[in-house]
Amino acid sequence: MRNLQKTAIAVAVAQLAIWSHGTVLAQEVSANENQSAGANSAVVVVSGQRAALQSAQKLKQDADEVVDSIVAEDIGKLPDRSVTEILSRVVGVTMDRSMSNDPQHYAVEGSGIAIRGLTYVRSELNGRESFSANGGRSLSFTDVPPELMAGVDVYKNPSAEQTEGGVSGLVNLRTAMPFDFKGFKGAISGSYTYSDLRKGQAQPTGSLLLSDRWNTRFGEFGALIDLASSISHTRTDEMFIEAYYPNLNVEPGSTRWIPRGAQWRSMNWERDRKGQYAAFQWRPNRDITAALTYFQSKYKEGWSEVALLSQETGDRPYGMQVENGVFDKNGAFISGVISNPANGGINLNSDRRVSDRRSATRDLALNLKWRISPAWSATTDFQVVRASTEALDSDVATGIRMQKETLDLSGDLPKITFDADDVAYLSDPKNYYWAYTMEHKDRSKAESKAWKTDFKYEFDHPVLRDLRFGARLQNRNSRNQNTNPSYNWQAISQPWMLGWQVDRLATLDDPKFAGGATLRTLDNFFGGDVKVPAIMFPDDAVARGYPDSYAKLHTYHDILCAEKGTTCTPWPAATFDNDPAGTNFQEEKTRAFYTQLRFGWDNLKYPVDGNIGVRYVKTKSTAFGYTTYNPTIPTFEDASQVIDRSKIVIIEPFATRRDYENEYHNWLPSLNLRLKYNDQLQFRAAIARSMSRPDFSQMKAYTPLSQSITTVTDTANNIVTVTNTSLTGTGEGNPNLRPTTGTSVDVTAEWYFAKAGSLTLALFNKDLKNIIVNQMYNYEVQDVGGNVQRFAVTGPVNGAHGYARGFELAYQQYYDWLPGYLKGLGVQASLTYVDSSRKLDNPVFSEYCSGNADANNLNLYINGCDTDGRTFGNMPLQGLSKHTINLALMYERGPISARVAYNWRSRYLAGVNQWGTRDTNGTDSNPASPTYGQHNVAWGLPLWQEHYGQVDASVFYNVTEKFRIGLEAQNLNDATSKQTMQQHAGTFGHAWFVTGPRYTIQANYSF
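Residues numbered from 1 in each chain as written. Predicted model: local features only at pLDDT ≥ 70, side-chain atom pairs only at ≥ 80, totals over all residues. Heavy atoms only, no water.

Asker: Any chance you could explain the overall build of the chain here in plain terms?
Answerer: Helix and strand counts for the chain stand at seven helices and 49 strands. For a compact globule of 1007 residues, the expected C-alpha radius of gyration is about 30 Å, and the chain comes in at 31 Å, within 12% of that figure. Along the first, second and third principal axes, the C-alpha set of the chain runs to 110 × 70 × 55 Å. By the burial criterion, 55% of the 1007 residues in the chain qualify as buried. For the chain, the share of sequence-separated contacts (at least 6 apart) that also reach a separation of at least 24 residues comes to 75%. Between the centroid of the 101 positive side chains of the chain and the centroid of its 107 negative side chains there is a distance of 7 Å. (Helix = DSSP H or I, 4+ residues; strand = E, 2+ residues; numbered from the N terminus. Rg over C-alpha atoms; globule rule 2.2 N^0.38 Å. Buried < 20%, exposed > 50% of the residue type's maximum accessible area, 1.4 Å probe, protein only. Contact = heavy atoms within 4.5 Å. Lys, Arg positive; Asp, Glu negative; His and termini not counted. Charge placed at Lys NZ, Arg CZ, Asp CG, Glu CD.)

See below:
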């Protein structure tokens, strides 16, 4: 069905293009007739949706490089609610709908983009670098108010004059300038958005722009102020199925794959985004123009979720029982009643998690343009960017041992059935206990100062157009801090504490531990399609009350320990301290020089023009950090004898500061050619070399070393034998990383048969080198005897190569030849196909899984491991869909403007060994292993995001030339986002997300 869908849309695009061929001739004839009608003919003024498409098409047609654009219809009238959604309409661009680095949580407005399947994206604001303070190098596009944007350009193959940094492409966000308007310009807009799933009160968005210009005796002045504020409240509901474990107890002599449980969660998400933009221009004479711009974006995000999470750890999943079980041909569970009576029930946590993040980016830029002479001109630019972010992530949970779960996984959604006993059990506070807390805080700051100057010399020559050259200097620093521990999980009371530390759990029916949790129902869950019972969840105020609420909860642990007569360690809060694990500070200086020649042969039968250039970049970075070793070596004081104690390596604890300096040079040549067959049909060929520097989070200078000691104890004789020691380390980053480089080749055919009508085809290939992956290397340390000991350290290195290649097909047209009210009908359609490969320079593969979840388990992190201890391997590039489709039906006639848009992307790998699809209780299935058959292997499954398509729509009515009202709708088809997990018994559904439709009523007034 999916292949049929893709084929049908592709055939439709081609058919429309063929169909339009006849209409092009009609349009040309019509144009000639209008032209011959004389100078008194009426002038048709094109505005709105069609004018925006015309402007974007003209930018693409006339650009020196391969570029696609989206242009605002008017001030504050970009066609979507976020910049990420806007970018997803561009051919070749895909949007990630998961939260950043967290595929287990859904992002309604998206979290990032990829261009042609690759995430090496450089972001700019008005041609200058812009970024967020998150340890990365690009801007978090969700932070930027779309109401402030005049247009968005996506460059897919760079030229030498463009600042380096984007192997996959460059996204430039453009704002308006006062000299863009003839005189005074004002615009105000307001809207309210309602979430159908969340219900509640609609949330407002508003923007205001004022711009004017004046002639004075000191020259012409212009000033523009643009303000925007947007609040969004949404909700995401999720059901998820835990991984399947091989079970030998359900049917003797057969292996049955049983999930360790089914759970659900609901998250309320709130975003408050504010933007401020001001621009001032001064033109003292026609040869000099100066501009000063200030841009600020403030972003506040908060969410609160309740979730039921599995705690079936250790050997517990292998004790699952099934009644009335139905299994597939591979023995995988389809339906039945699962239980775990041997372990007191299915161990679950009812969890309350809240997260609050505040981010800000401020950009101040001064620009001067000078026409030195008729041939010479110069531009100089100075920019300061400051970005910051800080967050609190708080998680509080109660626990419960559920007696059974009745599941049916045969349909589109999991079906969980609860009888009266289940409902009564889940609503009784005495069955719940306070389980754990976990907090995390981070804060980051980044600053950049950049200066560049460009010169242009225009030739009076039939072939040579102009010569451009210039320099750019930038100093940038980044400081990222996490609390230590980063995620501070601390138990309150747990079943595994019983008998040795506490005699009972901190149950909610005990007056000593009561309060702070409420029986909560999830109304309208999955839009009313799914019914789940009420659960005792911690209150939102408890999670937000950190650290005081945490301190109170952990006194419950102290009370239980006092009752038992044991001594318990007091709760330690995570803090920002001087521990090197928590701080990552780096400085970077770049120096770039370029030259570029533009040329053209206009007198040829088929004119050719283009540019050729080269950019030289020198990068120098400095960082400092620590290599630490602070092991806990057992003394074996109670053992009567210790055999092979000499295997233990004795190294004095240390924390050695290391200063790093990394310097590299890159030459980036480029060539762009264009051949014009006629005014409508043209072809391009482009080849360029590009680079993307590693993120600052990948260059952290911190390496903790450790020694793992394995022993066997003869309890009868109290003899301990040291069987093995391993020296390992984890490189949190690598300050010596080099940039990933790419060689890009593009070939395009572009047919512009109308002002808002075109059919374009682009073929592309990107060869990548120095891809950053985790690999192992040796770190040498001397022991107390002077002998060199080698630690096997795992960390990021430039250790892979690969490619991304494919094609883009795009078509747009208004069918002006249709009769009557159909005359304003139009279509936009695009199809992108990307094939990719990544190969390790030093392949890591083992048939069987082994070891724990430490970073040095490369087989786990790269190839993935199943719960049965077997490896997967051959994993594709993450986040890359082979097929992406955009289809929009447009209408604009008279005062009415409307659009229905469909965005679809095919299945892609979301990650390997992600939270929610990993644990450390896999079966050791290696026959040669001394622990064969034990449940001690770390496993992590490949997590796949299945294909997803969403329908958005809008309709606007121009009440007057200056005032319009409209209605927008997102996710009209109420799409369900589905994730699957790959296992050797099959590919099983893991998570289902719904966000529901959202409706916006909007009004705009221009004056």
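That covers the picture; the talk isn't over yet.
Asker: Hey, could you run me through the pattern of salt bridges in this one?
Answerer: Working definition: two side chains of opposite charge can pair if their charged atoms are close together. Considering all chains together, one arrives at 60 salt bridges under this definition. For Arg-693, the salt bridge goes to Glu-164, with nearest N and O atoms at 2.9 Å. With Arg-693 in the loop between β32 (681-692) and β33 (702-714) and Glu-164 in the loop between β8 (151-157) and β9 (169-174), the pair connects residues that are 529 residues apart, well separated along the chain. Between Arg-353 and Asp-393 there is a salt bridge; the shortest N-O distance is 2.5 Å. With a gap of 40 residues between them, Arg-353 in strand β19 (residues 346-371) and Asp-393 in strand β20 (residues 376-402) connect regions that are remote in the sequence. As far as burial versus exposure is concerned, Arg-353 and Asp-393 are alike and both buried. (Salt bridge = Lys/Arg side-chain N within 4 Å of Asp/Glu carboxyl O.)

Asker: Sorry, what's going on with the state of the cysteines here?
Answerer: The bond known as a disulfide is covalent and runs between the sulfur atoms of two cysteines. The tally for this structure, following the rule as stated, stands at two disulfides. With its sulfur 1.5 Å from that of its partner, Cys-561 forms a disulfide with Cys-568. In this structure the cystine formed by Cys-561 and Cys-568 twists about its S-S bond by roughly -80°; its chirality is therefore left-handed. In terms of burial, Cys-561 and Cys-568 fall into one category: buried. Here Cys-849 pairs with Cys-865 through a disulfide, and the sulfurs are 2.3 Å apart. On the S-S bond that ties Cys-849 to Cys-865, the torsion sits near -110°, and the link is left-handed. On the criterion of sequence distance, the pair formed by Cys-849 in the loop between β38 (825-840) and α7 (858-863) and Cys-865 in the loop between α7 and β39 (883-893) is long-range, its members being 16 residues apart. The same class applies to Cys-849 as to Cys-865, namely buried. Once the bonded cysteines of the chain are numbered in order along the sequence, the disulfide links fall as 1-2, 3-4. (Disulfide = S-S within 2.5 Å.)

Asker: What exactly am I supposed to notice about the sheet that holds strand β7 (residues 128-129) here?
Answerer: The strands that make up a sheet pair up through hydrogen bonds in the backbone, lying either parallel or antiparallel. In space, the five strands of this open sheet follow the order β1-β8-β9-β6-β7, with mixed pairing throughout. The strands lining the two open edges of the sheet, one partner per strand, are β1 (66-71) and β7. Alignment of strand β6 (residues 121-125) against β9, held across five bridges, turns out to be parallel. Looking at β9, one finds that Ser-123 is bridged to Val-171. Against the sheet, helix α2 (residues 48-62) makes contact with β1, β8 and β9, and its axis sits at roughly 165° relative to β1, the strand it touches most. (Pairing = 2+ DSSP bridges. Axes fitted to C-alpha atoms, helices over the stretch in contact; angles between N-to-C directions.)

Asker: When you look at the side chain of Thr-142 in this model, what are you seeing that I'm missing?
Answerer: With respect to the helices and strands, the residue Thr-142 is situated in the loop between β7 and β8. Excluding residues that lie within four positions of it along the chain, Thr-142 makes contacts with Thr-84, Glu-109, Gly-110, Ser-111, Arg-273 and Tyr-299.

Asker: Got a minute to help me understand unusual backbone geometry in this structure?
Answerer: Most peptide bonds take the trans configuration, and most residues that are not glycine carry a negative phi. Cis geometry marks the peptide bond from Asn-484 to Pro-485; its omega dihedral reads 0°. For Pro-485, the position within the fold is in the loop between β24 (464-482) and β25 (488-491). Here the amide bond leading from Tyr-546 into Pro-547 is cis, since omega sits at 5°, within 30 degrees of zero. Even without glycine at this site, Arg-116 takes up a positive phi of about 55°. Position of Arg-116 among the secondary structure elements: in the loop between β5 (112-115) and β6. Backbone geometry places Asp-974, a non-glycine residue, at a positive phi of 50°. For Asp-974, the position within the fold is in the loop between β46 (963-970) and β47 (976-983). Taking relative accessible area as the criterion, Asp-974 reaches 38% and is therefore assigned partly exposed.

Asker: Please clarify how the environment of Thr-710 should be interpreted in this entry.
Answerer: Relative to the helices and strands, Thr-710 resides in strand β33. Linking Thr-710 and Thr-723, residues 13 residues apart in sequence, is a C-alpha distance of 5.6 Å. Discounting residues that sit within four places of it in the chain, Thr-710 has contacts with Thr-721, Val-722, Thr-723 and Asn-724.

Asker: Explain the nonpolar core to me, please; I cannot follow it from the model alone.
Answerer: Side chains that are nonpolar tend, in soluble globular proteins, to be buried together. Tyr-244, Ile-258, Trp-264, Phe-333, Trp-434 and Phe-525 are the most contacted members of the largest nonpolar core, which totals 77 residues. Broken down by element, this core gets its largest block of residues, five residues, from helix α6 (residues 548-564). In this view, Ile-258 contacts Ala-243, Tyr-244, Tyr-245, Asn-247, Val-250, Met-320, Val-322, Phe-327, Phe-333 and Ile-338; residues no more than four positions away in its chain are not counted. Core analysis: the second largest hydrophobic core is formed by 29 residues, Ile-70, Val-83, Leu-125 and Met-177 among them. (Core = buried A, V, L, I, M, F, W, Y, C linked by side-chain atoms within 4.5 Å.)

Asker: Hey, could you run me through the packing of aromatic side chains in this one?
Answerer: The geometry of an aromatic ring pair is captured by two quantities: the separation of the ring centres and the angle between the planes. Evaluated as defined, the whole model comprises 29 aromatic pairs. Each ring, one from Tyr-436 and one from Trp-489, has its centre 5.5 Å from the other, and the planes form 35°; the classification is tilted. Taken together, the residues span a long stretch of sequence, with Tyr-436 in strand β23 (residues 432-458) and Trp-489 in strand β25 at a distance of 53 residues. Grouping aromatic residues by their ring pairs yields a cluster made of Trp-376, Phe-455, Tyr-457, Phe-459 and Phe-469. Residue placement shows Arg-137 over the ring face of Phe-696; its charged tip is 4.4 Å from the ring centre. Directly above the aromatic system of Tyr-803 lies the positively charged group of Arg-805, at a separation of 3.6 Å from the ring centroid. (Phe/Tyr/Trp six-rings, centres within 6.5 Å; stacked < 30°, edge-to-face > 60°. Lys NZ or Arg CZ within 6 Å of the ring centre and 35° of its normal.)

Asker: Sorry if this is basic, but what is going on with α6 here?
Answerer: Two residues of an α-helix separated by three or four positions point the same way, owing to the 3.6 residues in each turn. Counted at 1.5 Å a residue, the expected span for α6 with its 17 residues is 24 Å, and the 25 Å between its end C-alpha atoms agrees. Along α6, the residues classified as buried are Ser-549, Tyr-550, Leu-553, His-554, Tyr-556, His-557, Leu-560 and Cys-561. Buried residues of α6 fall within an arc of 145° about the axis and therefore sit on the same side. In α6, the exposed positions that point more than 90 degrees away from the buried face belong to Asp-548, Lys-552 and Ala-562. Of the surrounding secondary structure, the elements contacted by the buried residues of α6 are β20, β23, β25 and α5 (540-544). A positive phi of about 85° marks Gly-565, the residue just after α6. (Expected span 1.5 Å × (residues − 1). Arc of directions from axis to C-beta.)

Asker: Looking at this structure, I do not really get the side chain of Gln-596. What am I missing?
Answerer: Mapped onto the elements, Gln-596 comes out in strand β28 (residues 583-601). A polar atom in the side chain of Gln-596 sits 3.1 Å from the backbone nitrogen of Ala-160. Residues contacting Gln-596, with those up to four places away along its chain left out, are Ser-159, Ala-160, Glu-161, Asp-466, Leu-467, Arg-468, Asn-611, Ile-612 and Gly-613. (Polar contact = N/O pair within 3.5 Å; in protein donor to acceptor, adjacent residues only side chain to side chain.)

Asker: Could you clarify how one ought to interpret the environment of Pro-634 in this entry?
Answerer: Examined against the element boundaries, Pro-634 turns out to sit in the loop between β29 (608-629) and β30 (641-643). With 391 residues separating them in the primary sequence, Pro-634 and Ala-243 have C-alpha atoms 36 Å apart.

Asker: I tried to follow the sheet that holds strand β22 (residues 415-417) on my own but got confused; where do I start?
Answerer: Pairing is antiparallel across the open sheet formed by four strands, whose spatial order is β17-β18-β21-β22. Looking along the sheet, the strands with just one partner apiece sit at the ends: β17 (321-327) and β22. Each adjacent strand pair in this sheet contributes to an overall mean axis angle of 15°, direction not counted. With three bridges joining them, strand β21 (residues 405-408) and β22 adopt antiparallel strand pairing. Looking at β22, one finds that Thr-406 is bridged to Thr-417.

Asker: Can you help me understand a nonpolar patch on the surface in this one?
Answerer: There is a patch of nonpolar side chains on the surface, built from Tyr-192, Ile-896, Val-955, Tyr-957, Val-959, Ile-965, Leu-967, Leu-972, Tyr-999 and Ile-1001 and spanning about 880 Å² of accessible area. When contributions to the nonpolar patch are tallied by element, the ones reaching two or more residues are β45 (948-958), β46 and β49 (998-1006). If you trace the backbone, Val-959 turns up in the loop between β45 and β46. (Patch = residues over 30% accessible without salt bridge, like charges linked within 9 Å, V, L, I, M, F, W, Y side chains within 5 Å. Areas by Shrake-Rupley, 256 points an atom, 1.4 Å probe, with all protein chains shown as cover.)

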